[in-house]
Amino acid sequence: MKEIYKALEKILPKIQKVSQRSRGIIPYTTIDGRFDDTSKSSICWWTNGFFGGMMWQLYHYTGDEIYRELAIDIEEKLDLNLMIPSGMDHDSGFKWLPTAVIHYKLDGNGKSLDRGLLAAENLAGRFNPQGSFIRAWNDSGDGSRAGTAIIDCMMNLPLLYWASEVTRDPRFSQIATRHADMAMKYFIRDNGSAIHIGIFDPDSGEFIRSDGGQGYGEGSSWTRGQAWALYGFVLSALYTGQEKYLETAKKVADNFILQMTKWEGMGVPIDFDQPEDCVREDSSAAAIAACGLLELGKIDEKYREAALGLLEFLCENRLSLDESEDHLLSNCADSFWSNRSQMTLIYADYFLIEALLKLEGKDLPIFTPKRG
Ligand code: GLY
């Protein structure tokens, strides 16, 4: 049996200890090996759902009540965010799918349903009919960001697909598919790479230009953006059954696999177009891509093999089993030009756990549709 299939069992004792000492917090990164707490500093931060999601995944896998308690605490803390309009943005899927929505999917909790639907209604309200994009980010009221859309948003569309399922109101999924069609047209290049930011004229809907965003520069391929595109199109394919989304996901995945052949001996770089002598990595991109590839692996074994390669590298080289440190994965990057690049990131850990559970077919459907 390949070592990778034993990784989760090796990680569990550490996560249990880390969870015990993480009651009441919402982690984003670690400082000197210990989680920070955005529940006090930034309750609207886009990553605030991931630790809760990790707790739900582990509750489902182990049945250990502590994980459920921590997840529900975070879901309740996020109610404050729901009441701050300037803190509601395109990332509502990242915040409420791994918290309220999965809680509702598991036990039908009515308050969780309300939270998920409020978040979905807000996300749908960000749709700009001219240009057919869900607006990214907020501004101070000057409209400077009214025309921005980002590839990351593909991962938030499942909140809209889910809302249509539970309300039997097709408007949510209509918005999701219109955004996905827009992203297929403007965000995916002919070679299967994805741009990070697209800028539209919000009045006419005309596509004006792309922007390098968190990647190396304009025209480059920021790897986390590639991973969001890969997994994001897989998800739209799973929710809608539409072949065009599956084909797009495969195109992005094929390019991801091809690009990785140039970076032998290291993990996923922060940007596939960064200088060859730059060895900085983004383990979060690897973990997210692995999740998308494992879903594609259900129809073509070559994608599962690619996912196994990414996960083996992560678990052999970037995984900390040191119980004095709270994080799992090192060598993550928030953006290429950030002075904090090569940090830890909670969503890297979340997607690692989701991927390791997917290997065994035991992942909870947090981003994917409910099974059965
Ligand atoms: N969604 C923002 C990021 O991936 O950094």
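Structure: above.
Values in this document were obtained by computation on a predicted structure and should not be read as measured data.

Engineer: How should I be thinking about the overall build of the protein in this particular structure?
Structural biologist: If you tally the helices and strands in the protein, you get 14 helices and seven strands. For the protein, the C-alpha radius of gyration of 19 Å lies close to 21 Å, the compact-globule estimate for 372 residues. Structurally, the protein occupies a C-alpha span of about 55 × 50 × 40 Å along its principal axes. Within the protein, the proportion of its 372 residues that are buried is 61%.

Engineer: What's the story with helix 13 (residues 301-318) in this structure? I'm lost.
Structural biologist: Structurally, the α-helix is built with 3.6 residues per turn, so residues lying three or four positions apart point the same way. Its 18 residues place the ends of helix 13 25 Å apart at the C-alpha level, agreeing with the 26 Å of an ideal helix rising 1.5 Å per residue. Of the residues making up helix 13, those classed as buried are Y303, R304, A307, L308, L310, L311, F313, L314, C315 and R318. Elements that come into contact with the buried residues of helix 13 comprise helix 1 (7-20), helix 11 (243-260), helix 12 (283-296) and helix 14 (346-359).

Engineer: Which parts of the structure should I look at to understand the site of the ligand?
Structural biologist: Neighbouring the ligand are the residues W46, D152, Q214, W222, R224 and W228. Between the ligand and R224, the relevant distance is 2.5 Å, taken from an oxygen atom to a side-chain nitrogen or oxygen of the residue. Interatomic distance of 2.9 Å between a side-chain N/O atom of W228 and an oxygen atom of the ligand. Taking 200 Å² as the accessible area of the ligand by itself, protein coverage stands at 93%. The pocket occupied by the ligand, as judged from atoms lying within 2 Å of grid points, is the largest pocket.

Engineer: Is there a simple way to think about empty space enclosed by the protein in this case?
Structural biologist: Remark: the empty space left among the atoms is shown by a probe the size of a water molecule rolled over them. Evaluated as defined, the whole model comprises two cavities of 30 Å³ or more. By volume, the largest cavity is sized at about 50 Å³. Together, K14, I15, V18, S19, F35, F51, M54, M55, D326, L328 and D349 line the largest cavity. Ranked by the residues each element gives to the lining of the largest cavity, the list is headed by helix 1, at four residues.

Engineer: Honestly, the pairing of strand 6 (residues 197-200) in this entry has me stumped. Any pointers?
Structural biologist: On strand 6, burial covers both faces: I197 and I199 on one face and G198 and F200 on the other are all buried. In the sheet, strand 5 (residues 148-150) pairs with strand 6 via three bridges, with the strands oriented antiparallel. Following the sheet pairing, I150 is matched in strand 6 by I197. The loop that links strand 6 with its antiparallel partner strand 7 (residues 207-211) comprises six residues; one of these, G205, has a positive phi angle of about 85 degrees.

Engineer: Mind showing me how you'd approach the packing of aromatic side chains here?
Structural biologist: Centre-to-centre distance and the angle between the planes together describe a pair of aromatic rings. Inspection of every chain in the model, using the stated rule, returns 30 aromatic pairs. Between W228 and F351 the ring centres are 5.9 Å apart and the planes differ by 70 degrees, which places this aromatic pair in the edge-to-face class. Highlighted residues: W228 in helix 10 (residues 223-240) and F351 in helix 14, separated in sequence by 123 residues. Across this residue pair, the class does not change: W228 and F351 are buried. Each member of the aromatic cluster is reached from another via a ring pair, and the members are W46, F50, F94, W228, Y231, Y347, Y350, F351 and F367. Directly above the aromatic system of F336 lies the positively charged group of R280, at a separation of 4.4 Å from the ring centroid.

Reading the values: rules and limits
- Residues numbered from 1 in each chain as written.
- Predicted model: local features only at pLDDT ≥ 70, side-chain atom pairs only at ≥ 80, totals over all residues.
- Heavy atoms only, no water.
- Helix = DSSP H or I, 4+ residues; strand = E, 2+ residues; numbered from the N terminus.
- Rg over C-alpha atoms; globule rule 2.2 N^0.38 Å.
- Buried < 20%, exposed > 50% of the residue type's maximum accessible area, 1.4 Å probe, protein only.
- Expected span 1.5 Å × (residues − 1).
- Contact = heavy atoms within 4.5 Å.
- Near = heavy atom within 4 Å.
- Polar contact = N/O pair within 3.5 Å; in protein donor to acceptor, adjacent residues only side chain to side chain.
- Areas by Shrake-Rupley, 256 points an atom, 1.4 Å probe, with all protein chains shown as cover.
- 1 Å grid on protein atoms, 1.4 Å probe; cavity = no way out; pocket = protein on both sides within 12 Å on 5 of 7 lines; lining within 4 Å.
- Sits in = over half its atoms within 2 Å of the grid points.
- Points joined across faces, edges and corners; volume = space filled by probe spheres on them.
- Pairing = 2+ DSSP bridges.
- Phe/Tyr/Trp six-rings, centres within 6.5 Å; stacked < 30°, edge-to-face > 60°.
- Lys NZ or Arg CZ within 6 Å of the ring centre and 35° of its normal.

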